[in-house]
Amino acid sequence: MFDRKDPRKLLSRADQPIFGPEKEWEKVGQVPNVVFVEGMARQGQRWLFYYGAADKYVGVAEAPVK
């Protein structure tokens, strides 16, 4: 997670990946077996992760706020 006012400043980083490619459309494409978060937003009690998959698709994943 980066600082809102200075996006060059890293605030925190997970020790393990948050998620990885699981579905077929995330595994097959120009760059196979890759998902990459492009944006993250909090909506109430959940996080929304907007991500690219296999360099071909766009998806959204959600996780509860803890």
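Before reading further, recall that the structure is shown in the block above.
Note that this is a predicted model, so its numbers are computed, not measured. (Residues numbered from 1 in each chain as written. Predicted model: local features only at pLDDT ≥ 70, side-chain atom pairs only at ≥ 80, totals over all residues. Heavy atoms only, no water.)

*Asks:* Is there a simple way to explain the overall build of the protein in this structure?
*Replies:* When its secondary structure is counted, the protein shows one helix and three strands. Counting helices and strands in the order they occur from the N terminus, the protein gives α-β-β-β. Expressed along its principal axes, the backbone C-alpha trace of the protein runs to roughly 35 × 25 × 20 Å. The buried share among the 66 residues of the protein stands at 17%. Pairs at least 24 apart in sequence give 22% of the contacts found in the protein among residues at least 6 apart. Accessible area for the protein stands at about 5600 Å²; split by element, carbon and sulfur atoms hold 52% of it. (Helix = DSSP H or I, 4+ residues; strand = E, 2+ residues; numbered from the N terminus. Buried < 20%, exposed > 50% of the residue type's maximum accessible area, 1.4 Å probe, protein only. Contact = heavy atoms within 4.5 Å. Areas by Shrake-Rupley, 256 points an atom, 1.4 Å probe, with all protein chains shown as cover.)

*Asks:* In this structure, what is going on with the packing of aromatic side chains? I would like to understand it.
*Replies:* To describe a pair of aromatic rings, you give the distance between the ring centres and the angle between the ring planes. As enumerated under the stated definition, the model contains four aromatic pairs in all. Ring centres 6.4 Å apart and planes at 55° place the aromatic pair F19 and F49 in the tilted group. Taken together, the residues span a long stretch of sequence, with F19 in the segment before α1 (24-27) and F49 in strand β2 (residues 46-53) at a distance of 30 residues. In this structure F19 comes out as partly exposed when scored by relative accessible area, which is 24%. Considering the side-chain rings of W25 and Y51, the 6.2 Å spacing of their centres and the 20° angle between planes classify their relative orientation as stacked. Residue W25 is located in helix α1, and its partner Y51 is located in strand β2; the two are separated by 26 residues in the primary sequence. A relative accessible area of 29% means that W25 is categorised as partly exposed. (Phe/Tyr/Trp six-rings, centres within 6.5 Å; stacked < 30°, edge-to-face > 60°.)

*Asks:* What is the right way to look at the sheet that holds strand β3 (residues 57-64) in this model?
*Replies:* Think of a sheet as strands paired side by side through backbone hydrogen bonds, with each pair either parallel or antiparallel. Pairing within the open sheet is antiparallel, and its three strands lie in the order β1-β2-β3. Bordering the open sheet on either side are β1 (35-43) and β3, each of which pairs with just one other strand. Within the sheet, the average angular offset between the axes of one strand and its neighbour, ignoring direction, is 25°. Direction of pairing for β2 relative to β3: antiparallel, over a ladder of eight bridges. The residue of β3 that forms the bridge with G52 is V58. (Pairing = 2+ DSSP bridges. Axes fitted to C-alpha atoms, helices over the stretch in contact; angles between N-to-C directions.)

None of the figures reported here should be taken as evidence of function without further support.
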